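Chain residues, written in single-letter form:
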Amino acid sequence: MEQVEMTGAPGGEPIRSRPIWLWPGVVAVALQWLAWLVLPIFIPAAALVGVLGGLVGGLAVVAWWAFFSRAPRTERWGAPALMVVSLAATSRLLDPSVATAGMGFLFFLYAIPVLSLAFVAWAVASRGLSDGRRQVTMVVTILLACVGWTLVRSDGMTGDGAAEFAWRWTPTPEERFLANVDPEPLRTTATARPASLRLTDAETDATTPSEWPGFRGPRRDSRVAGVRIETDWSRSPPVELWRRPVGPGVSSFAVHGDRFYTQEQRGDDEVVASYRLTTGEPVWRHQDLDRFWDSHAGAGPRSTPTLSGGRVYTLGATGILNVLDARDGAVVWSRQAAVDTDATAPGWGFASSPVVVDELVIVAVGGALAAYDRDTGDPRWVGPGPPGGENYSSPHLLMIDGVQQVLLMNTNGATSLDPASGTVLWEHAWRGAPIVQPAQIADGELVISTAGASGALGLRRLGVAHGHAGWTVEERWTSTGLKPYFNDFVVHEGQAFGFDGSILAGIDLNDGARMWKGGRYGHGQLLLLPDQDLLLVLTERGELALVEAVSDGFTELTRFQAIEGKTWNHPVLVGDVLLVRNDREMAAFRLPLAPSGQTSN
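In this text the structure is predicted, and so the values were computed from the model without any measurement. By convention here, each chain's residues receive numbers from 1 onward along its written sequence. Only residues with pLDDT of at least 70 are given local features in this predicted model, and only at 80 or more are side-chain atom pairs given and counted; all residues enter the totals for whole chains, interfaces and linings. Excluded from the side-chain calculation are hydrogens and water; included are all heavy atoms of the structure.

Draft legend 1. Main features of the sheet that holds strand β6 (residues 254-256). In spatial order, the strands read β6-β7-β8-β9; together these four strands make up an open sheet with antiparallel pairing. In this open sheet, the two edge strands, each paired with only one partner strand, are β6 and β9 (282-289). Along the sheet, successive strands turn relative to each other by an average axial angle of 25°, direction set aside. Each pair of strands is called paired provided DSSP finds at least two bridges between the two strands. A run of H or I in DSSP counts as a helix once it spans at least four residues, and a run of E counts as a strand once it spans at least two, with each numbered from the N terminus. Relative to strand β8 (residues 269-276), strand β7 (residues 259-266) is paired through eight bridges, and the arrangement is antiparallel. Residue Thr262 lies in a different strand from β8, and its bridge partner there is Ala273. Here an axis means a line fitted to C-alpha atoms, over the contact stretch when the element is a helix, while the angle between two N-to-C directions is reported on a 0 to 180 degree scale.

Draft legend 2. Region of the structure containing the sheet that holds strand β23 (residues 424-429). Strand order across the open sheet formed by four strands is β20-β21-β22-β23, with antiparallel pairing between neighbours. The open sheet has two free edges, formed respectively by β20 (396-400) and β23, since each of these has just one partner strand. For this sheet, the mean inter-axis angle between neighbouring strands, taken without regard to orientation, is 25°. Both strand β21 (residues 403-410) and strand β22 (residues 413-417) contribute to a ladder of five bridges, which runs antiparallel. Counterpart to Leu407 in the pairing with β22 is Ser416.

Draft legend 3. Region of the structure containing helix α6 (residues 131-147). With 17 residues, α6 should reach 24 Å at 1.5 Å per residue; the first-to-last C-alpha distance of 24 Å fits that figure. Here α6 has its buried residues at Asp131, Arg134, Met138, Thr141, Ile142, Ala145 and Cys146. Buried residues of α6, seen end-on, are gathered within an arc of 115° and therefore sit on one face of the element. Turned more than 90 degrees off the buried face of α6, the exposed positions are Val136 and Leu144. The length a helix should cover is 1.5 Å for every residue beyond the first. Exposure is judged per residue with a 1.4 Å probe applied to protein chains only, and the accessible area is read against the type maximum: over 50% gives exposed, under 20% gives buried, and values in between give partly exposed. Here the arc refers to the set of directions running from the helix axis out to each C-beta atom.

Draft legend 4. Spatial organisation of helix α1 (residues 23-42). Taking 1.5 Å of rise per residue, the 20 residues of α1 would be expected to cover 28 Å, and the 27 Å separating its terminal C-alpha atoms lies within 8% of that figure. The largest bend along α1 reaches roughly 40° and is located at Ala35. Every buried residue of α1 is listed here: Pro24, Gly25, Ala28, Val29, Gln32, Ala35 and Trp36. Contacts: residue pairs with any heavy atoms within 4.5 Å of one another. Tucked into the core, α1 has its buried residues touching α2 (47-68) and α5 (106-125). To obtain the bend at a residue, axes are fitted to the seven residues ending there and to the seven starting there, and the angle between these axes is taken.

Draft legend 5. Local environment of the pattern of salt bridges. Salt bridges are defined by distance alone: a side-chain nitrogen of Lys or Arg within 4 Å of a carboxyl oxygen of Asp or Glu. Within the structure shown, the criterion is met by 31 salt bridges. For Asp131, the salt bridge goes to Arg134, with nearest N and O atoms at 3.3 Å. Taken together, the positions of Asp131 and Arg134, both in helix α6 and three residues apart, correspond to about one turn of that helix. Here Asp131 matches Arg134 in class, with each residue buried.

Draft legend 6. Focus on unusual backbone geometry. Even without a glycine there, the phi angle at Arg216 is positive, about 65°. Position of Arg216 among the secondary structure elements: in the loop between α8 (201-204) and β5 (239-245).

Draft legend 7. Spatial organisation of the packing of α1 against α5. For the pair α1 and α5, interaxial distance at closest approach is 10 Å and the crossing angle is 150°. When the axis of α1 is compared with that of α5, the two are roughly antiparallel. The handedness of the crossing between α1 and α5 comes out as left-handed. Along its contact with α1, which presents Gly25, Val26, Val29, Gln32, Trp33 and Trp36, the element α5 presents Leu109, Tyr110, Ile112, Pro113, Val114, Ser116, Leu117, Val120 and Val124. Each residue gets one label: Ala, Val, Leu, Ile, Met, Phe, Trp, Tyr, Cys and Pro are nonpolar, Asp, Glu, Lys and Arg are charged, and the others, such as Gly, are polar. Across the contact of α1 with α5, the residue classes break down as twelve nonpolar, three polar and no charged. Roughly parallel means an angle under 35 degrees; roughly antiparallel means over 145; roughly perpendicular covers 65 to 115; every other angle is labelled oblique. Crossing handedness: left-handed means the near helix sits turned counterclockwise from the far one by under a right angle, and right-handed means the same turn made clockwise.

Draft legend 8. Region of the structure containing the nonpolar core. Throughout, nonpolar core names a set of buried Ala, Val, Leu, Ile, Met, Phe, Trp, Tyr and Cys residues whose side chains join them through atoms within 4.5 Å. Counting 35 residues, the largest nonpolar core has Ile229, Phe260, Leu536, Leu579 and Val580 as the members making the most contacts within it. At the level of elements, β8, β32 (525-529), β33 (534-538), β34 (543-548), β36 (572-574), β37 (577-581) and β38 (585-590) are the ones that each hand at least two residues to this core. The contact partners of Val580, leaving out residues within four places of it in the chain, are Phe253, Leu538, Leu544, Ala562, Ile563, Pro571, Glu585, Met586, Ala587 and Phe589.

Draft legend 9. A look at the confidence of the model for the protein chain. Scored from 0 to 100, pLDDT reflects the predictor's confidence in each residue. Residues of the protein chain with pLDDT of at least 70 account for 91%, and the chain-wide mean is 90. Of the regions scoring below 50 in pLDDT, residues 1-9 engages in 16 contacts with residues more than four places distant in sequence or in other chains. Contacts for the low-pLDDT stretch residues 187-199, under 50 throughout, to residues beyond four places or in other chains number 24 contacts.

Draft legend 10. Region of the structure containing the side chain of Thr539. As for its position among the elements, Thr539 is in the loop between β33 and β34. Taking the relative accessible area as the measure of exposure, Thr539 reaches 1% and is therefore buried. Excluding anything up to four places from it in sequence, Thr539 contacts Tyr521, Gly524, Arg559 and Thr567.

Draft legend 11. Inspection of the environment of Gly53 at higher detail. With respect to the element layout, Gly53 can be found in helix α2. Gly53 sits in the buried class, given a relative accessible area of 15%. With 430 residues separating them along the chain, Gly53 and Lys483 place their C-alpha atoms 23 Å apart. Look past the residues within four positions of Gly53 in its chain and what remains in contact with it is Gln32 and Ala35.

Draft legend 12. Structural context of the side chain of Ser274. Inspection of the secondary structure assignment puts Ser274 in strand β8. Each residue touching Ser274, except ones within four places of it in the same chain, is listed here: Arg259, Phe260, Tyr261, Glu281, Pro282, Val283 and Trp284.

Draft legend 13. Molecular detail of the packing of α2 against helix α3 (residues 73-91). Between α2 and α3, the shortest axis-to-axis distance is 8 Å and the interhelical angle comes to 155°. Comparing the axis directions of α2 and α3 gives the class roughly antiparallel. α2 and α3 meet at a crossing whose hand is left-handed. In this structure, α2 contributes Val62, Trp65, Ala66 and Phe67 to the contact, and α3 contributes Glu75, Arg76, Trp77, Ala79, Pro80 and Met83. Per-class residue counts for the contact of α2 with α3 are eight nonpolar, no polar and two charged.

Draft legend 14. How the structure looks around the environment of Phe105. Within the secondary structure, Phe105 is located in the loop between α4 (96-99) and α5. We classify Phe105 as exposed; its relative accessible area is 52%. Through-space distance from the C-alpha of Phe105 to that of Ser91 is 9.8 Å; in sequence the pair is 14 residues apart.

Draft legend 15. Structural view of the packing of aromatic side chains. Aromatic pairs are defined between Phe, Tyr and Trp rings, using the six-membered ring for Trp, whenever the two ring centres lie within 6.5 Å; interplanar angles under 30 degrees are classed as stacked, those over 60 as edge-to-face, and all others as tilted. Counted by the stated rule, this structure contains 27 aromatic pairs. With 5.0 Å between their ring centres and 80° between their planes, Trp33 and Trp36 make a pair best called edge-to-face. Taken as a pair, Trp33 and Trp36 lie in helix α1 at a separation of three residues, close to a single helical turn. Residue classification places Trp33 among the partly exposed positions, given a relative accessible area of 22%. Note on Trp36: relative accessible area 16%, which makes it buried. Ring geometry for Trp333 and Tyr372: centres 6.0 Å apart, planes at 35°, overall tilted. Of this pair, Trp333 sits in strand β15 (residues 331-336) while Tyr372 is found in strand β18 (residues 368-373), placing the two residues 39 residues apart along the sequence.

Structure follows, in structure tokens:
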């Protein structure tokens with residue numbers, strides 16, 4: 001029978017003669033927080049170790065308390081039981097943004113370390129109290145550490161899986177945006193526009209090539225040739241042209257003349273919108289009663305409009321395929337691509353940006369390609385895809401050995417099709433969850449990427465050729481030196497540059513060997529300025545940075561805060577005008593051009 005002494009307790013209540021054995025619990029929770037919170041900050045690649053550290057640390061705290069703490073038996077077994085019940089009950093009362101995040105595990109990944117810390121802190125603070133008061137404060141501590149999570153929501157997650165918490169009762173960024181914008185749709189007839197918004201001849205000329213016709217530029221490679229900018233932004237910083245709020249979405253921009261196009265969410269409406277490049281003024285918007293939301297990226301469309309022949313081609317997050325007149329937003333035709341192909345929207349929504357090939361518009365839905373007549377919207381063909389498959393990359397138009405083809409990355413790997421008929425030309429198996437675009441580095445040589453359940457797997461170089469016996473595909477190498485997740489990479493001078501997790505890296509395309517790794521930019525996006533061996537990086541937190549695209553090491557030249565908040569959308573550079581946006585705002589900057597004759601950074 002455990003001994004107690006009858007003095008020293010407030011109110012005459014007994015206290016224990018054998019003190020609680022505290023140091024194992026303190027050590028366990030300290031190691032838990034080091035692994036869960038501190039380690040991933042300094043070693044981003046250790047994020048999975050941090051997750052496991054948080055969970056294992058919680059088990060260690062429970063084991064210490066149940067078997068080694070010297071607490072009364074009712075407390076030793078009652079506390080873990082109350083923890084389990086409280087966590088389970090709280091999980092049913094959470095805001096959906098917290099309850100569904102991280103495939104339903106985010107709450108536990110956060111709550112268990114917080115509960116462990118609160119419990120150990122209680123054990124230390126209550127060591128001088130009587131058993132009765134300690135038990136009451138123990139119950140209160142456990143309940144508060146769990147129930148407190150019902151007071152918050154998540155406004156999305158970063159690329160490293162960290163939630164962006166806010167109080168549950170505060171307006172969301174989207175609600176604040178909707179409270180300050182015109183709820184009525186803009187007119188879509190040119191005659192109804194004021195003089196300031198009337199179209200110029202260049203804007204109505206469907207034969208004029210678009211400066212930036214869609215996702216990642218004319219060749220979907222984020223390459224901006226023919227532009228040289230000043231790299232000393234302390235002396236000549238970017239000049240803001242305009243800034244305006246925008247509805248949520250991960251869409252980038254398409255640009256033609258003084259008009260640009262993007263997609264966004266406005267309440268229950270999925271929107272395709274046109275704006276002035278020089279002023280940011282809205283010109284028209286098209287609305288569909290449709291809404292997609294997930295707890296990671298939030299609400300809104302995921303793909304980028306495509307411009308071709310005076311029309312705007314868009315794919316919504318649930319599969320609405322629209323073809324609109326670029327001048328006024330009038331509907332040319334519209335299809336439910338998901339219904340046409342019997343596809344189900346993947347967990348992060350349809351994210352494929354359309355590609356126009358001759359008389360067809362081609363989109364990716366459910367891990368397969370689908371083609372429609374460009375003018376009428378009549379379905380032409382649906383390519384093969386994995387049953388229940390999904391993909392987040394876009395169809396990629398290529399020319400290999402003189403044969404035009406469209407390449408799609410899906411859960412099976414790479415599949416190349418004849419755009420006219422949908423016939424499979426060649427395939428390469430590499431199972432995963434591909435998101436980023438492939439890159440063509442030479443005739444028949446490709447670099448592809450895929451991801452796994454816990455993040456990116458790496459890059460692979462393929463040699464593809466067409467001979468008398470048909471198509472051949474050879475794997476040259478597979479590298480983990482550069483592992484793009486949902487952040488596209490660029491190729492330049494026999495090298496590939498991109499995000500390895502949240503850090504930039506460069507690899508040699510001859511053998512896949514890493515050349516350098518450096519800089520912390522979160523899960524951002526980038527553009528290549530090949531004339532200057534320069535990367536223009538848009539960080540996950542809305543900063544612009546210039547980094548040298550060279551083989552001999554990482555060098556950052558400058559940084560500049562452009563927009564605020566999590567930024568996953570691809571930037572666009574047309575001449576000296578840079579467009580950036582996220583799920584809250586968008587802005588245009590005029591970049592200082594390099595003096596004539598300047599040849600180096």
